[in-house]
Amino acid sequence: MTDWGQRAAALLNDLAACSEPGPGVTRLPFTPEHRAALDVLRAAMENAGLTVTLDAACTLVGRREGPAGCKTFLLGSHQDSVREGGAYDGIMGVVLPILALEKLREEGAELPFAVDVLAFADEEGVRFPTALIGSRALAGTFDPSVLDMRDDQGTALRDAMTSFGLDPAGIGALRRDPGDVLGFLETHIEQGPHLEREGEALGVVTAICGIERHQIIVTGETGHAGTLPMMGRRDALVGAAAIVSEVDRLGQQTADLRATVGALTVEPNVVNAVPRAVRLTAEFRSPDDNIRSKAGNALHDFARQVATQRSLTIDAARTYAQPAQPCNQDLSRRLSWAAKQAGAGCPALPSGATHDASAMADLCPIAMLFVRCRNGVSHKPEEFASSEDMALAISALSTFLKSIGQDVGSPG
Ligand code: HGY
Ligand code: MN
Ligand code: MN
């Protein structure tokens, strides 16, 4: 009897090694670490009897064929991680469906449709100021202008993809016909404390919060820290500090809003020179798109005031936005029924994290299965999901797939 949870843990352990050196997992898109993870995933997909292809957006696709002319059900998540992240965020949502399909093959289960398992290249948007490249490509919402965006080393996304052996010009042709797609199901570690607090292994997501990200560049004038008078200084970091405090104030004082400055660089960044320029990111998230966009606009207004008061130049741009997305109720009811068949209680809960499923909602009905997250921590090396919980998820996924097209009664 296969211990599917242990199989998942072993595979995720191999994938965690596909990382830059250092604490936790650092696997950014279009890097040697990404290449190594693709090799591990390709082997696992082939071992499950799937046909494996890599598309122009660098999504690895493992396909289980169905009857001639059938539709396709999509599952998957992202392969990339944040810096010093965990071993489960994203990648677990690729591994569990692969093993669920291997389980179905072992059982000799027939499905009246095809299944694609998708490993998206870049969901985090850590290397480039954009995200959801692969899922937006399938949904037909990919904006080619993001190919000109650059990473911290000045490498354009287009060049990073070309060097990785891809042809970004082919991304536009990846759009799936909605008529051919039954739905998309993303399995993901919860990245929060709710399931653990409720003593539950699995949960079904009701809705995914909306998100927007801004890049703000503050430019002043450098000078000798010892001889430049305080009066009249155009210190870029003092201006940036006011902006960072304002982002936090907006988050603290606005209900249903999370606000974060996660990245900040200073030039020339030396102890005895007045900072000339600061580049920072600001991120807003909310289940309510109006709350989120109002905060983004308020920050731009505030930055302009800081520029005037301190004779600084400020370039603020909204570089990424994804609206809040409700999950499809029929798919979610079926998923909840399947999880209960597997023996899980499966409460419903919202997602404060964003996911590829948000982008896939522009293509087809979406659902998300959450797996319990130890201590609710994520985007940290300590992120953990147990093999027992992963085994329950694999059982729920295989039951879910076998049930599609069948009446599962009025699931509670
Ligand atoms: O940041 C997020 O919410 C997700 O992990 N990309
Ligand atoms: Mn993440
Ligand atoms: Mn994720």
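This one's a predicted model, so the numbers in the text were calculated from it and none came from an experiment.

Q: Help me understand the overall build of the protein chain in this model?
A: Each helix and strand counted, the protein chain has 11 helices and 14 strands in total. Here the protein chain has a C-alpha radius of gyration of 23 Å; the compact-globule value for 412 residues is 22 Å, and the two agree. Dimensions of the protein chain, computed from the C-alpha atoms along their principal axes, are close to 80 × 45 × 40 Å. Within the protein chain, the fraction of its 412 residues that count as buried is 55%. Within the protein chain, contacts between residues separated by at least 24 positions form 79% of all contacts whose residues are at least 6 apart in sequence. Approximately 17200 Å² of the protein chain is accessible, and the part contributed by carbon and sulfur atoms is 49%. Each charge sign in the protein chain was given a centre, from 37 positive and 52 negative side chains, and these centres are 3 Å apart.

Q: Explain the packing of aromatic side chains here, please?
A: The geometry of two aromatic rings is summed up by the distance between their centres and the angle between their planes. Throughout the structure, instances matching the rule amount to 4 aromatic pairs. Seen from their ring centres, phenylalanine 30 and phenylalanine 164 are 5.9 Å apart, and the 75° between their planes marks the pair as edge-to-face. Here phenylalanine 164 lies in the loop between α5 (157–163) and β5 (181–189) and phenylalanine 30 lies in the loop between α1 (4–16) and α2 (32–47), a separation of 134 residues in the sequence. For phenylalanine 30, a relative accessible area of 7% puts it in the buried group. Centroid distance phenylalanine 73 to phenylalanine 400: 5.5 Å. Interplanar angle 65°. Geometry classified as edge-to-face.

Q: Please explain the environment of glycine 352 as it appears in this structure.
A: Examined against the element boundaries, glycine 352 turns out to sit in the loop between β13 (348–351) and α10 (356–360). Exposure remark for glycine 352: the relative accessible area of 48% places this residue in the partly exposed category. Placed 161 residues apart in sequence, glycine 352 and glutamine 191 show a C-alpha to C-alpha distance of 8.5 Å. Beyond its immediate chain neighbours, meaning those up to four positions away, glycine 352 contacts Cys209 and Arg285.

Q: It is not clear to me how the coordination of the manganese ion (ligand 3) should be interpreted in this structure. Could you clarify?
A: Octahedral six-donor coordination of a metal ideally yields angles of 90 or 180 degrees, compared with 109.5 degrees for tetrahedral four-donor coordination. Bound to the manganese ion (ligand 3) are the protein donor atoms His78 (NE2), Asp89 (OD) and His188 (NE2), situated 2.1 to 2.3 Å from the metal. The distance between the manganese ion (ligand 3) and the manganese ion (ligand 2) comes to 3.5 Å, with aspartate 89 serving as a donor to both metals. Here histidine 78, found in strand β3 (residues 72–78), pairs with histidine 188, found in strand β5; they are 110 residues apart in sequence, far enough to count as distant.

Q: Looking at this structure, I do not really get the site of ligand 1. What am I missing?
A: Contacts to ligand 1 come from Asp89, Glu123, Glu124, Gln191, Arg213, Arg285, Ala353, Thr354 and His379. In the model, a nitrogen atom of ligand 1 is placed 2.9 Å from a nitrogen or oxygen of the glutamate 124 side chain. Here an oxygen atom of ligand 1 and a side-chain polar atom of arginine 285 are 2.6 Å apart. About the coverage of ligand 1: the protein hides 97% of its 220 Å² of free accessible area. Its residues assigned to classes, the shell around ligand 1 shows 1 nonpolar, 3 polar and 5 charged.

So, how was this worked out
Residues numbered from 1 in each chain as written. Chains lettered and ligands numbered in written order. Predicted model: local features only at pLDDT ≥ 70, side-chain atom pairs only at ≥ 80, totals over all residues. Heavy atoms only, no water. Helix = DSSP H or I, 4+ residues; strand = E, 2+ residues; numbered from the N terminus. Rg over C-alpha atoms; globule rule 2.2 N^0.38 Å. Buried < 20%, exposed > 50% of the residue type's maximum accessible area, 1.4 Å probe, protein only. Contact = heavy atoms within 4.5 Å. Areas by Shrake-Rupley, 256 points an atom, 1.4 Å probe, with all protein chains shown as cover. Lys, Arg positive; Asp, Glu negative; His and termini not counted. Charge placed at Lys NZ, Arg CZ, Asp CG, Glu CD. Phe/Tyr/Trp six-rings, centres within 6.5 Å; stacked < 30°, edge-to-face > 60°. Donors = N, O, S within 2.8 Å, 3.2 Å for Na, K, Ca; no water. Near = heavy atom within 4 Å. Polar contact = N/O pair within 3.5 Å; in protein donor to acceptor, adjacent residues only side chain to side chain. Nonpolar A, V, L, I, M, F, W, Y, C, P; charged D, E, K, R; others polar.

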